[in-house]
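The lines below spell out each chain.
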Amino acid sequence: MFRYRPGLGVSYARQGYIYFASLLYRELPERRREKLRQLCRQTGGAYWEALLEYVTTDASAERICQKHFISRSTLSRAARRYYQAFPKRL
């Protein structure tokens, strides 16, 4: 479910666009999926797979953190970088 998070440093409308564009990951053409994976690699570093799962699924942050053995704050920092670095158009 989309909820505005002021801590991301991105406007409400922009967050909505990024959130829903990311959720459509599995329906996107391979070229666009690769762009999202590359963005996750750049902004998530060693935790890019956890970040990719976080932004492309409805899975809870807690479950993703437990699955990938990372802290909630690490995932939140990666998500903030992801939202700030997301391209104007996918």
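See the structure printed just above.
About the criteria used
- Residues numbered from 1 in each chain as written.
- Predicted model: local features only at pLDDT ≥ 70, side-chain atom pairs only at ≥ 80, totals over all residues.
- Heavy atoms only, no water.
- Axes fitted to C-alpha atoms, helices over the stretch in contact; angles between N-to-C directions.
- Helix = DSSP H or I, 4+ residues; strand = E, 2+ residues; numbered from the N terminus.
- Parallel < 35°, antiparallel > 145°, perpendicular 65-115°, else oblique.
- Left-handed = near helix turned anticlockwise from the far one by under 90°.
- Contact = heavy atoms within 4.5 Å.
- Nonpolar A, V, L, I, M, F, W, Y, C, P; charged D, E, K, R; others polar.
- Buried < 20%, exposed > 50% of the residue type's maximum accessible area, 1.4 Å probe, protein only.
- Arc of directions from axis to C-beta.
- Core = buried A, V, L, I, M, F, W, Y, C linked by side-chain atoms within 4.5 Å.

A. How the structure looks around the packing of helix α2 (residues 30–44) against helix α3 (residues 48–56). At a minimum axis separation of 8 Å, α2 and α3 run at an interaxial angle of 125 degrees. Looking at the two axes, α2 sits oblique to α3. Here α2 and α3 pass one another in a crossing that is right-handed. Contacts between α2 and α3 pair R37, C40, R41, T43 and G44 from the former with W48, L51, L52 and V55 from the latter. In terms of residue class, the contact of α2 with α3 is made up of 5 nonpolar, 2 polar and 2 charged.

B. Helix α4 (residues 61–68), seen in detail. Every buried residue of α4 is listed here: A61, I64 and C65. The buried residues of α4 occupy one face: seen down the axis, they fall within an arc of 100 degrees. Structurally, α4 contributes buried residues whose contacts are with α3 and α5 (72–85). Looking at the residues trailing α4, positive phi occurs at F69, about 55 degrees.

C. Focus on the nonpolar core. L51, Y54, L75, Y82, Y83 and F86 are the most contacted members of the largest nonpolar core, which totals 27 residues. Only α1 (12–23), α2, α3, α4 and α5 provide two or more residues apiece to this core. Leave out the neighbours within four places in its chain, and L51 touches C40, T43, G44, L75, A78, A79 and Y82.

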